[in-house]
Amino acid sequence: MKPFDIVIVGGGGAGLYAAMEAMKTNPALNIAVLSKVYPNRSHTSAAQGGANAALGNKAKDDTVEMHIFDTIKGSDYLADQDAVDVLCSEAPKIIRELENMGTPWSRLEDNTIAQRPFGGAGRPRCCYCSDKTGHTILQTLYEQCLRKGVIFFNEYFALNLSVSGSCSNGLIAMNMKTGKVEAFPAKTVILATGGYAKMYWNRSSNAAGNTGDGQAIAYRAGIPMKDMEFVQFHPTGLRKSGLLVTEGARGEGGYLLNKDGERFMARYAPEKMELGPRDLVSRSLETEILQGRGFDSPAGKYLHLDLTHLGADLIKSRLPQIREMSMNFEGVDPIEEPIPVRPTAHYSMGGIDTDNQTRTIMDGVYAAGECGCVSVHGANRLGGNSLLDILVFGRIAGRTAAEEAGKFRPGTISEAELNEQLQEVRGGMQASGRYERYGELREELGQTLALNVGIFRESSLLQKGIEDIAELKERFKKVRIFDTSDVFNTNLMQVLELKNMLDLAETVAAGAFAREESRGSHTRIDFPVRDDAKWHKHTLTTLVNGKVTLGEKPVTMGRYELQERTY
Amino acid sequence: MKRYAYYLSCINESMTKEVDRSIELWQKDLGIELVKLHEGTCCGGSNLEYVSPKHFALVNGRNIALAEKMGLDLIVSCNTCLMTIRTAKKKLDESPELKREINELLKKEGLEYRGTSEVRHLLWVLVDDVGLDTIREKVKVPLKNYRIAPFYGCHILRPSTVLGHDNPLDPTSLDQLIEALGGETIPYTHKNRCCGFHTLLVAEQESLNVAAEALQEAIESKADFIVTPCPLCHTSLDGYQAKALKNAGVENSIPVFHISEMIGLALGYSAKQLGIKRHIVC
Amino acid sequence: MTLPTDQHTEGKKNVTFRVFRFNPQVDSKPYFDDYTIPVERGITVLRSLNYIKEHIDGSVSFRAFCQAGICGSCSMRVNGLSQLACTTQVWDVLAKSREPGIIKVEPLRNLPLIKDLIVDMDPLVGKMVHYSNWIDSTMPEAQMGKKEFLISEEEFLRYDKATDCILCASCVSECSILRANKEYVSPAVLLKSYRMSVDSRDSMHEQRMAELVKDHGVWDCTHCYRCQESCVKSIPIMDAIHGLREDAIESRGKNDTSGSKHAEAFMTDIEKKGKLIEATLPIRTNGVVWTLQNLLPMAMKMIMKRRTPLPPPLVKSVKGIKIFRTMFREMTEHVKQDQKSHKK
């Protein structure tokens, strides 16, 4: 294959924005987007709530500076302040840019882009399109990429980077339609494969494919991961499936109630109530459940998200997807009954360590969106900042790679290397004797993570988690692939995804074990307070000689001094 | 004797005259009287709606108003006329503004659209008002030994937001009628599919392919005939049958009846009386 | 009415999933495999398939991603109807199964089969490209990001529902015309075309429309409404198709294509006689040559059977045509007024 200037792995918001921006920056470049699903299927489509930008349409006194402060405070001061500057200053421009390209934003009475309140934000600055914001943004970007003639390799599963020394030669990926392992020699590679929260499996709101493929690829190539222990639990996952009920439901005025009918958030965030930041609200729900104020059901304990007082009209017009999901997956119509909810692993703040231009430590390799960690979310992400992150840093990644592609030579990827990869991935097909089922391993991984590396963490629990993961990795060596065909082998794909999750789970648990403090989404029962003296720093986890190795990186400070975080 | 206003579909006045002729023969036998609405105009046949939505509302608001003036429900024996007039009714009922605008014009003729008359298909009247038990009682020549493929057509089923009588993807009323007449319905996956009529003049090949598929399944299932509640489906499946099947390389044929003819046969009228000889395939 | 939550977990039924199988590497033709599993209330078809794949047969192949009805990956035919496996409740399907206890699962129609329940979506993407299913903004790229277009709620509502489309291709699978000709534009692509064409930010309305009125385009739709009825997001797809036709006539005139001529004939005839003049409809739609070539043999048969429509002079006007015409023409004036104020 002809070498590419840029290969983008992932067709969600970050990947597509990167592709568009790269083409805009230098139309002469040879750019490809490779995705394991058709780009319009990407998980960006599941982001319902919206994207923050201080447009000042709804609250005239909103400013970029307020957005910056809210984000830094929300991050529990672990975000890099220069990166947050970039995120928030670019926000109004990028939202308008999307609008200019055709994103169907909901509108205010004065015909400007509509904005609504969101958790942890001082002003209503979350721009939305009813409750399908991510979906419409993804559609817009995909449409624009088709318009610009971006080359797509759809349903290709990225396997590994090909690396020579400190340089990447490009990417090795499997064409799902043929089962062939193919080389994508490239000057630059942008990893934009989304998050890794699906490792919590049934206790996760994520798509089945949010298995941290890009992070795992980078990790195996020796690129450090950053802040992996920070996994955000969304307060309101549906009880049975873990699927998400957007914060928009609370933004529109929904109540959280315990079994005594009490709006318990009054205890934890008396001012913001249900619109407190996610980590705090999640912990509040978990505490209510642990202290016996939850409802019981065969599927586990839960609480109520009550929308009934909002009325049928509002629910139908503003929250139609939420209503549909409650009915499809819980059998509950929120117009008539409260929705059964409990916290669900939702977002990974951690990811591939990058600088503000999305560069990793490896020449020619960039990472953006949930896959990367700049970091703008620190220890806890604010609602409405994830769509913004993928847009802003997706665009920066595209521009940076386009500008820097000339600096690198495309390496060659040998047939031997491809063959080696092919043998490796198909190894499970030869398993004989006692074998392991990938479904069971995946289930157990999710369970141990939710239990031991979940919302409330503690030394002995984490130790148990680390041991469990090690044992699962051992058992994975005997995993059996039952489908031996080349064409669209989804069995093989799921096993490869499990491998990625197992590799990354280790870094999450290791980071969580090491960090002896509570900050943002990371709550240690044994170290209940934030310890800035010892832990105001990023965690790095790197694969060295097959072992996860811990490191650290300072947090970039700026205008805002460390403060206690209260709402 | 229950009375209804009866809408005269253009096609039943020209190409499928046997439909109205058959109904006239047996209506009293089943205790119903269909009063012909000679002032009614063409409904626009699922085309007028996008040529001019307002004329569409006027024309069909008027058709319904004529029935309302008589204090009767409006009965239709063509699927597309049914769907079209009901669509207009839904639009008028949902928009007081549109209703006001057309009523302003209808005044000239002393008419007013109020939304009081229902617009219903003949098949629905038979199943719901006359009742299957009555029909069973009145049958003189049961259609036993006949294997019948029920072809509902689209516009008696869909859009379900406008029609709403049968499950749009799994209808039963025609099957029930066939069984009441003593016939045997065959499992027929094309029962709720399209006959191709509406693209006959615009995309002929596609239309013929669509018709051929429906005909082929009925032939392969060894049905004795196809029955449809719609004269347009009838025209496509009967009138264009030879061409459609030739296209598909099938050397065979199958008769197609309108429900009004099938009922006529079961009630003891002759094929000649019912005008069945006028079919292309018979 | 919703059931009390406890009842959702009560009881189990043995359900047989009859799954369409085809692996192009080894199979010369498709076949079905039966898998019988216990299923409790509240379980979706997708979760059942996942169970089968994890516990019984790892080679059963299907797409699934979000599992929440948003990404559109897992569309397939369940008991013959195209829908999302992830939002389809097993017990609901079972209640309507023709063969008790059996649920048939097949791939979508009208798209090339890859393996088992997986079909190739590339042709659909190709059509989206062919019909420019994007906004080509009136704002130059260099100006973007500086200020918003001001869009009214009224305009937003015109395409709001259409933007719900998740490209699951259920409508593609159910389309009558696609069954007959794979070149046909497809309902989903018409829907997206409509969504773009009513967006005031778009600059390529005319080019897109020029493509849509060609063969295999918007006029080929047979209005069977199957697309709309099977839409997993309940989008009124036919309204969009009608909208495009209305637009085509308004922007390109009534004599543009056979489709528009055909539609316009209804308008003319109703005004003239109150009735459709069927005898000349083919000629007015496609011209004399086409009519002679295509319909002459048929016409002969029709004449033999005395099925031919009356020649125009003999078509009697409906009763009270004069007063009807006055009303009709007055409405024409209303429409002209509307268009004037709309343009303003």
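Reading the values: rules and limits
- Residues numbered from 1 in each chain as written.
- Chains lettered and ligands numbered in written order.
- Predicted model: local features only at pLDDT ≥ 70, side-chain atom pairs only at ≥ 80, totals over all residues.
- Helix = DSSP H or I, 4+ residues; strand = E, 2+ residues; numbered from the N terminus.
- Rg over C-alpha atoms; globule rule 2.2 N^0.38 Å.
- Buried ≥ 20, exposed ≤ 12 C-beta atoms within 10 Å, placed from the backbone.
- Contact = placed C-beta atoms within 7 Å.
- Domains from an automatic or database assignment.
- Pairing = 2+ DSSP bridges.
- Axes fitted to C-alpha atoms, helices over the stretch in contact; angles between N-to-C directions.
- Parallel < 35°, antiparallel > 145°, perpendicular 65-115°, else oblique.
- Left-handed = near helix turned anticlockwise from the far one by under 90°.
- Nonpolar A, V, L, I, M, F, W, Y, C, P; charged D, E, K, R; others polar.
- pLDDT = per-residue confidence, 0-100.
- Core = buried A, V, L, I, M, F, W, Y, C linked by C-beta atoms within 7 Å.

Looking only at helices and strands, chain C has 13 helices and 7 strands in total. For 344 residues, the compact-globule estimate of 2.2 N^0.38 gives 20 Å, and chain C exceeds it by more than 25% at 25 Å. For chain C, the C-alpha atoms occupy an extent of roughly 70 × 70 × 45 Å along the three principal directions. Here chain C, with 344 residues, has 47% of them falling under the buried criterion.

Scanning chain A from terminus to terminus reveals 16 helices and 21 strands. Over its C-alpha atoms, taken along the principal directions, chain A stretches across nearly 65 × 55 × 50 Å.

Counting residues at the interface gives 53 residues for chain B and 59 residues for chain C. When contributions to the side of chain B that touches chain C are tallied by element, the ones reaching two or more residues are helix H1 (10-13), helix H3 (48-51), helix H4 (53-70), helix H6 (96-106) and helix H9 (204-220) of chain B. Ranked by the residues each element gives to the side of chain B that touches chain C, the list is headed by H9 of chain B, at 7 residues.

Our focus in this paragraph is the domain arrangement of chain A. Residues and elements named next belong to chain A. Here chain A is partitioned into domain 1 (234-345) and domain 2 (417-554). The C-alpha-based centres of domain 1 and domain 2 are spaced at 30 Å. Taken residue by residue, the interface counts 5 residues in domain 1 and 5 residues in domain 2. The element best represented in the side of domain 1 that touches domain 2 is helix H8 (residues 278-290), accounting for 4 residues.

What follows concerns the domain arrangement of chain C. The domain boundaries assigned to chain C delineate domain 1 (11-118), domain 2 (121-142 + 150-252) and domain 3 (264-343). Put simply, the middle of domain 2 of chain C and the middle of domain 3 of chain C, counted by C-alpha atoms, are 29 Å apart.

Looking now at the sheet that holds strand S14 (residues 339-348) of chain A. All names here are of chain A. As summarised here, the arrangement of the 4 strands in space is S11-S14-S13-S12, forming an open sheet in which the pairing is antiparallel. Two strands bound the open sheet, and with one partner strand each, they are strand S11 (231-238) and strand S12 (255-257). Averaged over neighbouring strand pairs, the angle between their axes works out to 45 degrees when direction is ignored. Alignment of S12 against strand S13 (residues 303-306), held across 3 bridges, turns out to be antiparallel.

Residues and elements named next belong to chain B. The residue Phe 225 is located in strand S7 (residues 225-228) in this model. Classification of Phe 225 as partly exposed rests on a count of 19 C-beta atoms within 10 Å. Residues Phe 225 and Ser 253, spaced 28 residues apart in sequence, show a C-alpha to C-alpha distance of 9.5 Å. Beyond its immediate chain neighbours, meaning those up to four positions away, Phe 225 contacts Ile 148, Ile 254, Pro 255, Val 256 and Phe 257.

This part covers the packing of H4 of chain B against H6 of chain B. Residue and element names in this part refer to chain B. Look at H4 against H6: their axes get within 10 Å of each other, and the N-to-C directions meet at 70 degrees. One finds that H4 runs roughly perpendicular with respect to H6. The way H4 lies across H6 gives a crossing that is right-handed. Along the contact surface, H4 presents Ala 57, Leu 58, Gly 61, Arg 62 and Ala 65, while H6 presents Leu 98, Ile 102, Leu 105 and Leu 106. Of the residues that constitute the contact of H4 with H6, the class distribution is 7 nonpolar, 1 polar and 1 charged.

This next bit is on the confidence of the model for chain C. When the pLDDT values of chain C are averaged, the result is 92; 97% of them are 70 or greater. At the level of chain-chain contacts, confidence expressed as ipTM amounts to 0.93, with global pTM at 0.94.

The next point concerns the interface of chain A and chain C. Taken residue by residue, the interface counts 56 residues in chain A and 56 residues in chain C. Elements with a contribution of two residues or more to the side of chain A that touches chain C: helix H3 (81-101), helix H4 (133-148), helix H10 (320-330) and helix H15 (490-514) of chain A.

Attention now moves to the packing of helix H7 (residues 187-197) of chain C against helix H8 (residues 205-212) of chain C. All names here are of chain C. The N-to-C vectors of H7 and H8 enclose an angle of 155 degrees; their axes lie 10 Å apart at closest approach. By the angle between their axes, H7 is roughly antiparallel relative to H8. Of the two possible hands of crossing, H7 and H8 adopt the one that is left-handed. Touching Ser 193, Met 196 and Ser 197 of H7 are His 205, Arg 208, Met 209 and Leu 212, all from H8. Of the residues assigned to the contact of H7 with H8, the class counts are 3 nonpolar, 3 polar and 1 charged.

Residue and element names in this part refer to chain A. Pairing between strand S10 (residues 225-226) and strand S20 (residues 537-544): 2 bridges, direction antiparallel. Counterpart to Met 225 in the pairing with S20 is Thr 541. Summarising the sheet, S20 and strand S21 (residues 547-554) pair through 8 bridges and their orientation is antiparallel. Looking across to S21, one finds that Thr 541 is bridged to Leu 550. The turn joining S20 and S21, which pair antiparallel and follow one another in sequence, is formed by 2 residues; a positive phi near 50 degrees is taken by Asn 545.

Before going further, it helps to examine the nonpolar core. All names here are of chain A. Ranked by internal contacts, the top residues of the largest apolar core, which has 368 residues, are Ile 6, Val 7, Ile 8, Ala 19, Leu 34, Ile 190 and Leu 191. Per-element accounting of this core gives the leading share, 14 residues, to H15. The residues contacting Ile 6, other than those within four sequence positions of it, are Ala 22, Leu 29, Ile 31, Ala 186, Thr 188, Ile 190, Ala 401, Ala 402 and Ala 405.

Here we take up unusual backbone geometry. Phi is mostly negative for residues that are not glycine, and the peptide bonds are mostly trans. In this model, Val 374 of chain A is joined to Ser 375 of chain A through a cis peptide bond whose omega is 10 degrees. Checked against the element boundaries, Ser 375 of chain A lands in the loop between strand S17 (372-373) and helix H11 (385-404). Geometrically, the link from Arg 158 of chain B to Pro 159 of chain B is a cis peptide bond, its omega value of -5 degrees lying close to zero. If you trace the backbone, Pro 159 of chain B turns up in the loop between strand S5 (147-150) and helix H8 (173-180). Non-glycine residue Asp 76 of chain A carries a positive phi angle of around 60 degrees. Looking at the secondary structure, you find Asp 76 of chain A in the loop between helix H2 (64-74) and H3. Asp 76 of chain A gets classed as buried once you count the C-beta atoms within 10 Å, which come to 26. Positive phi, normally seen in glycine, also occurs at Trp 201 of chain A, with a value near 45 degrees. Here Trp 201 of chain A shows up in the loop between strand S9 (181-191) and helix H5 (213-220). In this structure Trp 201 of chain A comes out as buried when scored by C-beta crowding, with 22 C-beta atoms within 10 Å.

By contact count, the leading pair among the 2 pairs of chains in contact is chains B and C. The two units chain A and chain B remain apart, with a minimum C-alpha distance of 17 Å.

All names here are of chain B. In this structure, Glu 101 sits in helix H6. Residue Glu 101 is classed as partly exposed on the basis of its C-beta count, with 18 C-beta atoms lying within 10 Å. Through-space distance from the C-alpha of Glu 101 to that of Gly 196 is 35 Å; in sequence the pair is 95 residues apart.

As a further point, take the sheet that holds S20 of chain A. Residues and elements named next belong to chain A. Spatial strand order, S17-S15-S10-S20-S21: 5 strands in an open sheet with mixed pairing. The two strands at the open ends of the sheet, each matched to only one other strand, are S17 and S21. The sheet contact formed by strand S15 (residues 351-353) and S17 spans 2 bridges and is parallel. Residue pairing for S17: Asp 353 is matched across the bridge by Cys 373.

Our next topic: the environment of His 242 of chain C. Along the chain, the position of His 242 of chain C falls in helix H10 (residues 237-252). His 242 of chain C gets classed as buried once you count the C-beta atoms within 10 Å, which come to 22. In this structure, the C-alpha to C-alpha distance between His 242 of chain C and Ala 210 of chain C, residues 32 residues apart in sequence, is 16 Å. Residues within four places of His 242 of chain C in sequence aside, it is in contact with Glu 49 and Tyr 50 of chain B.

Residue and element names in this part refer to chain A. Along H2, the residues classified as buried are His 67, Ile 68, Asp 70, Thr 71, Ile 72, Lys 73 and Gly 74. Buried-residue contacts for H2 involve strand S3 (51-52), H3 and H11. Immediately beyond the C-terminal end of H2, within one or two residues, lies Asp 76, with a positive phi of roughly 60 degrees.

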